[in-house]
Every structure is written in structure tokens, then in C-alpha cells.
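Topology and contacts: notes
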Amino acid sequence: MKRFFRGLLCGIVLTVLVAGIGLYGFFNFTAQNDVQTKIFAPVLSPEVHPGLEALSAGFERSFEEVMPGIYLATGYGLANVVVIDAPDGLVMVDTLEGIEAAEGLLPEIRALRKQTGKDVTDIIYTHNHGDHVFGSGVFTSDQQTPVRIWAHENTANRVHDVVGVLRPILFLRSMRQFGSFLSEEDLINVGIGPFLLVNENSRVYFKEPTQIIEDKVVHLQIAGENLVIRQAEGETPDQLMLYLTDRDVLLPADNYYHAFPNLYAIRGTPYRDVLAWVDSIDGMIGLNASAMIPQHSQPVFGAAAIKTQLTDYRDAIQFVHDQTVRGINKGLMPNDIAGGLKLPPHLAAAPYLQEFYGRVDWASRAIFSGYLGWFSGDPKDLLPLSSKREAALMIELAGGREQLKQRIAEAMQRDEPQWALVLATHLRTSGDPDAAEMQALALIALGEREISATGRNYFLTSAAEARGFVIPQPKTWLTPQESLVGIPIHSYLELLQVSLKAEEVLDIEVAYCFNFSEPAEQYTMRIRRGVAVLQSGLAADCIGTLNAPTATFKAIAAKAINPAMALASGALTIEGGVTRFVKFMVNFEKRP
Ligand SMILES: [Zn+2]
């Protein structure tokens with residue numbers, strides 16, 4: 001028997017629904033009316049690594065014709081945008097990190113359209129990272145001419161993954177890495193750009209690729225411009241390198257920028273295949289291009305300079321890889337390999353290999369775990385104690401909390417903030433009220449001397465958090481609906497699986513049906529004693545069924561539509577009763 005709730009729903013039922021499904025992040029009823037002013041962590045007034053401070057000069061906002069017919073936008077966001085004045089249109093390479101950043105650049109693009117009498121006909125995404133793709137809708141919707149969007153075959157899927165199961169933690173750690181909530185005084189830069197224009201109020205506007213690069217190497221004409229596009233795994237597996245044949249210009253994407261490469265990103269990334277990265281750079285060297293325009297930092301002119309810099313770059317990566325593996329095979333521990341690794345002097349001195357972004361030691365650790373996983377090989381690491389137990393034993397070893405505090409003060413006095421941080425973290429784990437401030441002071445001391453912008457930003461943001469600052473989660477409902485089109489509907493249900501309150505359903509077996517239309521897709525979510533299993537099709541034993549068009553469901557999930565309204569209007573219907581639906585949904589944790 002089917003029961004459809006349309007406009008007839010009484011207030012009481014709505015209230016129950018709102019209260020119930022509001023518990024789960026999909027259907028969250030926080031205020032979604034106004035954009036608030038950006039929140040900043042308090043100023044920490046730290047010192048700055050001199051190299052990092054000097055770096056900022058290269059990130060000034062500018063839109064320049066860097067060579068005939070090639071325009072470079074820097075300083076509008078984290079990444080550069082390259083615009084090629086091609087015979088039959090303007091070709092944009094990358095689109096910044098969101099609507100705000102893209103709107104900052106839009107007047108320049110409009111002026112260029114006017115000046116050249118051409119519209120943007122093509123956009124090329126060099127890879128999936130947000131700072132390259134999330135502003136695209138701003139440029140495509142500003143003109144009548146349709147825009148072709150070129151991308152690697154895997155780029156769209158990887159963009160969709162960004163909103164996937166790891167979004168809460170990746171957002172949090174990215175905000176630390178990019179220092180997005182640091183005050184203007186504290187945020188010097190982000191190593192390969194001035195800032196990442198992303199915060200809790202940011203909106204992204206992603207346009208799905210329309211032209212897919214499936215082959216390793218393709219020679220083609222885009223807007224009358226001859227170019228070679230090569231799949232060039234490196235910073236990401238979906239990286240595209242471009243070579244403008246008639247101009248002899250290389251666009252290396254993010255496989256080259258003026259900083260030690262981010263072989264590992266501390267915001268949290270899977271292993272990056274560093275040898276594939278080396279191969280990709282070797283491919284670039286072989287082109288012998290006379291100009292190179294990266295998607296971060298400044299262009300390089302002259303075949304000899306480009307060859308030297310690319311050669312040093314690939315050598316630095318290979319060196320870190322090979323010497324790490326050498327240490328691994330000797331049975332050395334990750335800390336000792338990473339700590340002992342120094343680039344050869346000629347590479348360490350190169351201005352384009354300074355550790356403003358990636359760091360050699362972080363790269364080495366990533367290579368270790370990329371090959372061998374989390375276990376160091378030392379049996380003492382096989383069954384580590386919980387943080388709580390270890391903290392208690394450390395305090396005992398120190399002779400009590402007061403003695404541990406004394407040790408922390410001494411460590412700070414003799415300028416060992418890393419050790420002070422370790423001890424203060426144990427103290428904090430034990431619940432001591434003085435610990436947070438001790439942690440904050442150690443974190444600030446580490447941030448002040450840190451050469452890597454990402455490291456500095458992470459330390460300082462963490463210091464602000466120790467002092468009580470809370471990083472706000474993004475207001476996803478601000479995102480235009482169009483950006484959600486490509487996200488597969490099942491990935492929303494996968495979010496449920498990783499939010500199951502397993503400890504509360506160890507004895508429960510219950511199934512709920514999800515029946516989507518436009519396009520038709522049917523799923524059953526079955527809770528089976530601690531695991532939520534996603535099955536395709538509608539099972540006969542579902543206790544209820546949610547019916548909705550996919551677009552409506554996605555809009556509700558993004559908090560763009562109020563579910564109670566969708567229910568009242570009939571866009572969303574719930575068979576089997578709202579109470580059962582709510583009872584099913586409360587088994588899942590609310591996501592931020
Ligand atoms: Zn980038």
C-alpha cells in the first residue's frame with residue numbers, strides 16, 4: 001500500500017520529519033538564508049621565515065600578455081589562468097578555485113573578448129584540483145557562445161570524488177594547509193600562490209567536461225590552434241601537459257612550479273607515483289620548448305633555462321625516491337631516512353627547488369608508505385598504545401603533570417618546540433587545562449621558522465584551534481545546482497555507509513528503498529548488524545521507500561532545497577510513513 005505525502009502534510013508530521021532527518025547531514029536544517037562575513041582565527045603575530053616572505057612578491061595580481069597572443073593571470077587565486085588568443089577563439093587553460101576567484105578575473109576576460117573580438121570557445125582543465133576547475137561556470141555563463149571543455153578521461157570522476165566520503169576531513173585539513181582562516185598578518189602566502197580563495201562561504205561552479213582526452217598523446221586543433229596534449233601523470237594521475245606547436249610553448253600544468261614539488265600534500269593525499277612524475281618531466285624536456293608557462297608561479301623563457309630547470313626538477317624527485325628506497329632496503333626507519341635526506345648542493349641551492357610548498361622529508365615518508373604501507377618494520381610499532389594510555393604513562397614517567405609541564409617549559413627554552421609539542425600533546429590528551437596554550441605556543445614557534453607555506457599555515461591554524469578557534473564547515477547549498485549534475489547518485493548513498501553508527505545497530509537488520517527518477521535508479525540500503533550495505537534494485541523487505549527525481553535529491557543533499565518543502569510540493573514522496581524513514585535515518589551520523 002502506498003502512502004504519498006503531498007501538500008496535505010500536517011504541521012506535526014513536518015516537524016517530526018525536520019527534527020528526525022535533520023539529524024543526518026544529508027538533510028540538515030541549519031539556517032541557509034544568509035552568507036555571513038568570513039571568520040578569521042585571531043592574529044598570532046608570529047615571525048616569518050624570510051624566504052617565504054620574499055616569495056610573496058611573485059604572486060602579485062596581474063593579467064599580462066607574457067608573449068604574443070598568450071595572456072597570463074596570476075594572483076587571482078591559488079593557480080594561474082592562461083588564455084591563448086587562438087585563430088578562432090580564446091582558449092582558457094584552467095579556471096581558478098570558485099566563483100569568487102573567477103569573478104575577480106572576469107573583467108579582464110571580458111576586456112580581452114572585446115579587444116580581440118573573440119569569445120572563449122574552449123576551456124582546458126589541466127587536472128581535477130579545485131583551484132583549476134571550480135570557477136569554470138563563471139566564464140561559460142558570461143557569453144552566448146557555447147564552450148567546449150577538454151579534460152583527461154578521469155578528471156570528472158576525480159572532481160566528483162571531492163564531494164565524496166572524505167569531504168569533511170579533507171576540507172578541514174585543506175583549510176589548515178592553505179591557512180584560509182588565518183588573519184592577513186599571519187597568512188604570508190601558500191607557497192605556489194598568494195592564497196586559496198576558499199572558506200565556509202565559498203561557492204564553486206563546475207562545468208562538466210565535454211571533450212575527453214582518452215589517449216596518451218593527441219595532436220589536435222583547438223580553436224584553430226595546433227597543439228599536442230599529453231597525459232602526464234605526476235602531481236595527479238589525470239595531469240594534462242600541453243604543447244603549443246606553432247608557438248613552441250610548453251604548459252607543464254602542475255608538474256612544474258618554482259618550489260620543491262608537493263610529492264605529498266599534508267592536507268592528505270594518496271600516494272603520488274613519483275617515478276611517473278619523473279617520466280612526465282622527461283617527456284617535457286624532450287620537447288625542447290622555448291617558453292614554459294606553469295599553472296603556478298612565473299613563466300620561464302629560453303630553451304636552455306627550461307632544460308636546466310626541468311632537469312634539476314626531475315633529478316630532485318628521482319634523488320628523493322632512490323635514496324629513500326636505498327634506506328628502506330637497509331631496514332632504516334621512516335623518520336631516520338626522511339631526517340637524513342638532503343638534496344645534492346646544486347639542487348638544494350636552486351631557487352626553483354626551495355621547500356616553499358613540498359618538503360623533502362615529507363616526500364620521503366610518502367615514498368616509504370607508498371611502497372611498504374604504515375608499518376615501519378620495527379615490531380614496537382605493531383601494537384601501539386592508544387593516545388590516552390601513552391599520555392598517562394608519559395606523565396607517570398615524568399613524575400606527574402607538574403613535572404611534565406616543567407619539561408615542556410625547558411624544551412621551549414632550549415628551542416626545541418617539536419619536543420615541547422609532543423609533550424604538550426600528551427598533557428592535553430590527559431585533559432590538563434594548561435595544555436592547550438602550551439601546545440599553541442609550541443605550534444606558533446614551529447610555524448614561525450617553517451619554510452614550507454603549507455607547514456606554516458598548518459601549524460598556525462592548529463595553534464588557533466588549540467586556543468579555541470573552530471574551522472567552520474562550508475555552506476554547500478551556495479553551490480549552483482549545475483555543479484551537482486555529474487555526481488553519481490549512488491555516491492550520496494555511499495556517504496550513508498561511512499556514517500553508520502555501527503555500535504548502535506549491532507543487532508539490527510533493516511532495509512530501506514531509494515527510488516530515483518530522471519534518470520531511473522533504484523537502490524536498497526540494508527543495515528546488517530553493524531554494516532550498511534548498498535544494493536541495487538528495490539528489495540521486497542524494505543520498510544519504506546523514498547521516491548525523488550535525482551536532481552531534487554541532490555539539491556536536498558546540498559541543502560539547497562528544504563526537504564519538508566520538497567515533500568509538501570510532492571517533489572519528494574515517502575512510502576511507508578515518515579516515522580519509519582526517520583527511524584531508519586537516525587542510525588546514521590550527521591555529517592558536517
Ligand atoms: Zn594547482
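The rules we used
Residues numbered from 1 in each chain as written. Predicted model: local features only at pLDDT ≥ 70, side-chain atom pairs only at ≥ 80, totals over all residues. Helix = DSSP H or I, 4+ residues; strand = E, 2+ residues; numbered from the N terminus. Rg over C-alpha atoms; globule rule 2.2 N^0.38 Å. Buried ≥ 20, exposed ≤ 12 C-beta atoms within 10 Å, placed from the backbone. Contact = placed C-beta atoms within 7 Å. Expected span 1.5 Å × (residues − 1). Arc of directions from axis to C-beta. Pairing = 2+ DSSP bridges. Axes fitted to C-alpha atoms, helices over the stretch in contact; angles between N-to-C directions. Domains from an automatic or database assignment. Nonpolar A, V, L, I, M, F, W, Y, C, P; charged D, E, K, R; others polar. Parallel < 35°, antiparallel > 145°, perpendicular 65-115°, else oblique. Left-handed = near helix turned anticlockwise from the far one by under 90°. pLDDT = per-residue confidence, 0-100.

1. Brief notes about the overall build of the protein
Helix and strand content of the protein: 21 helices and 18 strands. Here the C-alpha atoms of the protein give a radius of gyration of 26 Å, agreeing with the 25 Å that 2.2 N^0.38 yields for 592 residues. Taking the principal axes of its C-alpha atoms as reference, the protein extends roughly 75 × 75 × 45 Å. Taken across its 592 residues, the protein has 45% of its residues classed as buried. If you take every contact in the protein between residues at least 6 apart in sequence, the share linking residues at least 24 apart comes to 73%.

2. Here we look at helix H14 (residues 401-413)
With 13 residues, H14 should reach 18 Å at 1.5 Å per residue; the first-to-last C-alpha distance of 18 Å fits that figure. Every buried residue of H14 is listed here: Leu 404, Ile 408 and Ala 411. In an axial view of H14, the angular spread of the buried residues amounts to 65 degrees, which keeps them on one side of the axis. Of the exposed residues in H14, the ones pointing more than 90 degrees away from its buried face are Glu 402, Gln 403 and Gln 413. Structurally, H14 contributes buried residues whose contacts are with helix H13 (387-398), helix H15 (417-429) and helix H16 (435-449).

3. A word on the sheet that holds strand E3 (residues 81-86)
Spatially, E1-E2-E3-E4-E5-E6-E7 is the arrangement adopted by the 7 strands of the open sheet, whose pairing is mixed. Taken across any chain shown, the strands that pair with only one partner, and hence form the sheet edges, are strand E1 (62-67) and strand E7 (211-213). For this sheet, the mean inter-axis angle between neighbouring strands, taken without regard to orientation, is 20 degrees. In the sheet, strand E2 (residues 70-74) pairs with E3 via 4 bridges, with the strands oriented antiparallel. Considered in E3, the bridge of Leu 72 is made with Val 82.

4. Side note on the domain arrangement of the protein
For the protein, the domain assignment lists domain 1 (11-34 + 476-585), domain 2 (50-254) and domain 3 (385-466). On a C-alpha basis, the centres of domain 1 and domain 2 stand 34 Å from each other. Contacts between domain 1 and domain 2 engage 13 residues on the former and 12 residues on the latter. Residues of the side of domain 1 that touches domain 2, tallied by class, amount to 7 nonpolar, 4 polar and 2 charged.

5. A few points about the pairing of strand E17 (residues 545-549)
Most of E17 sits inside the fold, with 4 of its 5 residues counted as buried. As paired strands, strand E14 (residues 509-517) and E17 are joined by 5 bridges and run parallel to one another. Opposite Phe 514, over in E17, you have Leu 546 as the bridge partner. Bridging between E17 and strand E18 (residues 573-575) involves 3 bridges; their strand directions are antiparallel. Along E18, the bridge assignment pairs Leu 546 with Ile 574.

6. Describing the pairing of E14
Note that E14 and strand E15 (residues 521-528) share 8 bridges and pair antiparallel. Each bridged residue has a counterpart across the sheet, and for Tyr 512 the counterpart in E15 is Met 525.

7. A word on helix H9 (residues 303-329)
Under the 1.5 Å per step criterion, the end-to-end length of H9 is 38 Å for 27 residues, consistent within 8% with the ideal 39 Å. Inspection of H9 places Ile 306, Gln 309, Leu 310, Tyr 313, Arg 314, Ala 316, Ile 317, Val 320, His 321, Thr 324 and Gly 327 among the buried residues, and these make up the whole buried set. After H9 finishes, the residue Gly 331 shows a positive phi value of roughly 80 degrees.

8. Side note on the environment of Ala 436
Relative to the helices and strands, Ala 436 resides in helix H16. Residues contacting Ala 436, with those up to four places away along its chain left out, are Arg 428, Ala 466 and Arg 467.

9. Thoughts on the sheet that holds E18
Whether parallel or antiparallel, the strands of a sheet pair through hydrogen bonds between backbone atoms. Reading across the sheet, the 5 strands line up as E16-E15-E14-E17-E18 and stay open at both edges, with mixed pairing between neighbours. Of all the strands in the sheet, the pair left with one neighbour each is strand E16 (531-536) and E18. Along the sheet, successive strands turn relative to each other by an average axial angle of 20 degrees, direction set aside. Against the sheet, helix H18 (residues 489-497) engages E14, E15 and E16, with an angle of about 160 degrees to E16.

10. Describing unusual backbone geometry
Of note, the bond from Glu 518 into Pro 519 is cis; its omega dihedral lies within 30 degrees of zero at -5 degrees. Position of Pro 519 among the secondary structure elements: in the loop between E14 and E15. Here Ala 253, not a glycine, exhibits a phi torsion of approximately 60 degrees, which is positive. Along the chain, the position of Ala 253 falls in the loop between strand E11 (249-251) and helix H8 (274-285). Unusually for a residue other than glycine, Ser 297 sits at a positive phi of about 65 degrees. Mapped onto the elements of the fold, Ser 297 is located in the loop between strand E12 (291-292) and strand E13 (300-301). Judged by the 23 C-beta atoms lying within 10 Å of it, Ser 297 falls in the buried class.

11. What about the packing of H8 against H9?
Relative orientation of the contacting elements H8 and H9 amounts to 165 degrees, with a least axis distance of 9 Å. The orientation of H8 relative to H9 falls into the category roughly antiparallel. In terms of crossing hand, the pair formed by H8 and H9 is left-handed. Residues Val 274, Leu 275, Trp 277, Val 278, Ile 281, Asp 282, Met 284 and Ile 285 of H8 lie in contact with H9, whose contacting residues are Lys 307, Leu 310, Thr 311, Tyr 313, Arg 314, Ile 317, Gln 318 and His 321. Of the residues contributing to the contact of H8 with H9, the split by class is 10 nonpolar, 3 polar and 3 charged.

12. Quick look at the environment of Met 412
Tracing the backbone through its elements, the reader meets Met 412 in helix H14. Considering only alpha carbons, one finds Met 412 and Ser 452, 40 residues apart in sequence, at a separation of 21 Å.

13. Regarding the confidence of the model for the protein
On average, the protein scores 91 in pLDDT, and the residues at 70 or more come to 93%. Predicted confidence for residues 1-37 stays below pLDDT 50, and this span has 55 contacts to residues more than four positions away or in other chains.

14. Side note on the environment of Ile 451
Residue position: Ile 451 is located in the loop between H16 and helix H17 (453-466). In this structure the C-alpha to C-alpha distance between Ile 451 and His 160, which are 291 residues apart in sequence, comes to 33 Å. Discounting chain neighbours no more than four positions away, the residues touching Ile 451 are His 49, Gly 51, Leu 52, Gln 354, Glu 355 and Phe 356.

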